[in-house]
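Each chain, written out:
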Amino acid sequence: MSKKTKVSLILLLMVAFTVSFYCNAEASFDYADLTSDEAYKIIENIEFNEIQNPNYKGKFTSFSASESGCYAIGYKKDSRGQVLVFDSDGSFINGFSFKQYGSFYIELNNEYLTVYTVRGANAITVDLSGEVISVKSILDTDQSNDYWYKFQDKKQSVGENTYNASGVLKEYTKLIRTNTNGKQVVLYEADFFGKISSALPLACIIAFPIAAILVIIVIVRKAIAK
């Protein structure tokens, strides 16, 4: 191995360590390190790809924002998770797609996006160009279980801004940013069909017992009439 190669390898390892430390400095999950083969297999199985879908107007199930004001929304489409990232002015930066049958959550900082998969319990961190930075396994501990609840909140405070998502049954249709002066900006709002698809599960939940009661009433009346 030449001296130049050794120096390059040392620099690469230093960068990898710095990035790994940076990505986990604010994290509150308990992680288990994976071998390179295990990490590669996870990335290969989920088929992580870039997408261009800045005009999406459907519902979303997760969101996150960075201190710089960038924000991201996550949603499911068929058996794939989708994440769209925007800058503070609402301009599209990049989008990502990956195979995911269960729920997932996202966490955004100024340089990286982390996808947390509930099924499989993995944390996959990429830069905003789509380059995979790290893959870790989330341990099933009390600390990890507590941190999952963070993503159930419709309100997030990041830096000087507060982000509020509104919708039905954890399926959101609007994301609003409020600064310290109380000024509000609608960052994202679903179209008519997105709002309908968000409200449909709740409508079904309400309609089912009503329909069941009506059926029982009809059966009872028929039995009395006989």
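Residues numbered from 1 in each chain as written. Predicted model: local features only at pLDDT ≥ 70, side-chain atom pairs only at ≥ 80, totals over all residues. Heavy atoms only, no water.

A. The arrangement of the overall build of the chain in detail. Looking only at helices and strands, the chain features four helices and 14 strands. The 226 residues of the chain split such that 37% are buried. Here the contacts in the chain between residues at least 6 apart in sequence split such that 48% fall between residues at least 24 apart. Accessible surface computed for the chain: about 13600 Å², of which carbon and sulfur atoms make up 57%. (Helix = DSSP H or I, 4+ residues; strand = E, 2+ residues; numbered from the N terminus. Buried < 20%, exposed > 50% of the residue type's maximum accessible area, 1.4 Å probe, protein only. Contact = heavy atoms within 4.5 Å. Areas by Shrake-Rupley, 256 points an atom, 1.4 Å probe, with all protein chains shown as cover.)

B. Seen up close, the pairing of strand 9 (residues 122-127). Strand 9 sits mainly inside the fold: six of its six residues count as buried. With burial as the criterion, each face of strand 9 is covered, one bearing N122, I124 and V126 and the other bearing A123, T125 and D127. Two elements, strand 8 (residues 112-117) and strand 9, share six bridges in a ladder whose sense is antiparallel. Paired with Y112 across the two strands is D127, which belongs to strand 9. Where strand 8 folds back onto strand 9 in an antiparallel hairpin, the turn is made up of four residues, including G120, whose phi is positive at roughly 100°. Strand direction decides the pairing type here: strand 9 and strand 10 (residues 132-138), joined by five bridges, are antiparallel. Within strand 10, the position partnered with V126 by the bridge is V132. (Pairing = 2+ DSSP bridges.)

C. View of the pairing of strand 13 (residues 171-178). Among the eight residues in strand 13, seven count as buried, and that is most of the element. Sheet topology places strand 12 (residues 161-168) next to strand 13; seven bridges connect them, and they run antiparallel. Of the residues in strand 13, the one forming a bridge with G167 is Y172. The antiparallel pairing of strand 12 with strand 13 creates a hairpin that spans two residues between the two strands, and L169 there sits at a positive phi of about 50°. From the end of strand 13 to the start of strand 14 (residues 184-189), which pair antiparallel, there are five residues, and G182 there has a positive phi angle of about 90°.

D. Geometry of the sheet that holds strand 9. Taken in spatial order, the five strands line up as 1-10-9-8-7 in an open sheet, and their pairing is antiparallel. Across the chains shown, the open sheet's two edge strands, defined by having one partner strand only, are strand 1 (31-32) and strand 7 (104-108).

E. Representation of empty space enclosed by the protein within the structure. As enumerated under the stated definition, the model contains two cavities of 30 Å³ or more in all. When its volume is computed, the second largest cavity comes out at roughly 40 Å³. What lines the second largest cavity is T61, S62, F63, Y105, I106, F151, Q156 and Y172. Listing elements by their share of the lining of the second largest cavity, those giving two or more residues are strand 3 (62-65) and strand 7. For the lining of the second largest cavity, a count of residues per class yields five nonpolar, three polar and no charged. (1 Å grid on protein atoms, 1.4 Å probe; cavity = no way out; pocket = protein on both sides within 12 Å on 5 of 7 lines; lining within 4 Å. Points joined across faces, edges and corners; volume = space filled by probe spheres on them. Nonpolar A, V, L, I, M, F, W, Y, C, P; charged D, E, K, R; others polar.)

F. Summary view of the nonpolar core. Core analysis: the largest hydrophobic core is formed by 20 residues, its most contacted members being V83, V85 and L113. Those elements that place two or more of their residues in this core are helix 2 (36-46), strand 5 (80-86), strand 6 (92-99), strand 7, strand 8 and strand 9. Per-element tally for this core: the top contributor is helix 2, with four residues. Sequence-distant contacts of V85, that is, excluding residues within four places in its chain, are made with Y71, A72, S91, F92, I93, N94, F96, L108, L113 and L128. The next biggest cluster of nonpolar side chains, apart from the first, holds 18 residues, and it includes Y56, Y71, F86 and L175. (Core = buried A, V, L, I, M, F, W, Y, C linked by side-chain atoms within 4.5 Å.)

G. Region of interest: the sheet that holds strand 13. Here we have four strands laid out as an open sheet, ordered 11-12-13-14, and antiparallel in their pairing. Either end of the sheet is taken by a strand with one partner, and the two such strands are strand 11 (155-158) and strand 14. This sheet shows a mean twist of 20° between the axes of neighbouring strands, independent of strand direction. As judged from the five bridges shared by strand 13 and strand 14, these two strands associate in the antiparallel manner. Bridging across to strand 14, K174 finds its partner in E189. (Axes fitted to C-alpha atoms, helices over the stretch in contact; angles between N-to-C directions.)

Geometry only, nothing functional implied.
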